[in-house]
Amino acid sequence: MAHLVRQAVPFPTPAWFVPAVGAAEVALGLWFLAGRALRYAAPVFALHMAGTFGVLLFVPDQAFLHGRVWDLTMTGEFVVKNLVLFAAGLLVCLATPPTEATAFQPSTDGTPPQTAPRSA
């Protein structure tokens with residue numbers, strides 16, 4: 001798989017490139033699992049997913065049989081399935097409401113402060 005990643009980018013890749021892409025992918029997955037600030041994850045996720053489509057552009061012989069776009073190889077199917085993953089990931093990122101800062105109402109009677117009710 002590392003060989004395919006190196007082929008799918010239009011520039012020479014240093015030795016650290018493939019491990020860095022893998023680490024970024026793991027970090028992005030952890031970001032999704034944490035579910036925090038997903039609106040900021042959307043552009044990072046979009047950039048990463050756009051990179052996966054480089055196989056279709058820069059290594060088409062790995063993605064298509066006999067140059068026919070409707071005749072996908074196993075690698076081509078793997079890349080094209082990322083269209084669904086891309087749509088689902090963006091939906092999760094952009095449909096999640098932004099987190100609001102907790103507003104505290106001061107207490108005058110010595111009881112612990114209460115959080116302000118959220119507006120609908």
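Remember, it's a predicted structure, so these values are computed and weren't measured experimentally. (Residues numbered from 1 in each chain as written. Predicted model: local features only at pLDDT ≥ 70, side-chain atom pairs only at ≥ 80, totals over all residues. Heavy atoms only, no water.)

1. Re the confidence of the model for the chain
Looking at the chain, pLDDT values average 82 and 81% of them are 70 or higher. By mean pLDDT, the top-scoring element of the chain is helix α2 (residues 17-34) (91), and the lowest-scoring one is strand β1 (residues 104-105) (56). (pLDDT = per-residue confidence, 0-100. Helix = DSSP H or I, 4+ residues; strand = E, 2+ residues; numbered from the N terminus.)

2. Here we look at the packing of α2 against helix α3 (residues 38-52)
Where α2 contacts α3, the two axes come as close as 11 Å, and the packing angle between them is 150°. Taken together, α2 and α3 sit at an angle that is classed as roughly antiparallel. Like other packed secondary-structure pairs, α2 and α3 cross with a definite hand, here left-handed. Of α3, the residues touching α2 (which contributes V21, E25, L28, W31 and F32) are L38, Y40, A41, V44, F45 and H48. Of the residues that constitute the contact of α2 with α3, the class distribution is nine nonpolar, one polar and one charged. (Axes fitted to C-alpha atoms, helices over the stretch in contact; angles between N-to-C directions. Parallel < 35°, antiparallel > 145°, perpendicular 65-115°, else oblique. Left-handed = near helix turned anticlockwise from the far one by under 90°. Contact = heavy atoms within 4.5 Å. Nonpolar A, V, L, I, M, F, W, Y, C, P; charged D, E, K, R; others polar.)

3. Observations concerning the pattern of salt bridges
Counted by the stated rule, this structure contains one salt bridge. For the salt bridge of D71 with R68, the shortest nitrogen-to-oxygen distance reads 2.7 Å. By relative accessible area, which is 22% here, D71 ends up partly exposed. (Salt bridge = Lys/Arg side-chain N within 4 Å of Asp/Glu carboxyl O. Buried < 20%, exposed > 50% of the residue type's maximum accessible area, 1.4 Å probe, protein only.)

4. Some details on α3
Given a rise of 1.5 Å per residue, 15 residues ought to cover 21 Å, and the 20 Å separating the end C-alpha atoms of α3 matches this to within 8%. Those residues of α3 that sit buried are L38, A41, A42, F45, H48, M49 and T52. Buried residues along α3 sit against α2, α4 (54-58), α6 (74-80) and α7 (82-95). (Expected span 1.5 Å × (residues − 1).)

5. Notes on the side chain of H48
Looking at where H48 falls in the secondary structure, it is placed in helix α3. Judged by relative accessible area, which is 19%, H48 ranks as buried.

6. A closer look at the nonpolar core
Among the nonpolar cores identified, the biggest contains seven residues, and these are L4, A8, F53, V55, A63, F64 and V79. With residues near it in sequence (within four places) discarded, L4 still touches V55, Q62 and T75. (Core = buried A, V, L, I, M, F, W, Y, C linked by side-chain atoms within 4.5 Å.)

7. Structural notes on the packing of aromatic side chains
Applying the stated criterion across every chain, the model contains four aromatic pairs. Ring geometry for F11 versus F17: centroids 5.7 Å apart, planes at 90°, classification edge-to-face. Arranged with centres 5.3 Å apart and planes meeting at 70°, the rings of F32 and F45 form a pair that is edge-to-face. With a gap of 13 residues between them, F32 in helix α2 and F45 in helix α3 connect regions that are remote in the sequence. Taking the relative accessible area as the measure of exposure, F32 reaches 23% and is therefore partly exposed. A relative accessible area of 6% places F45 in the buried class. (Phe/Tyr/Trp six-rings, centres within 6.5 Å; stacked < 30°, edge-to-face > 60°.)

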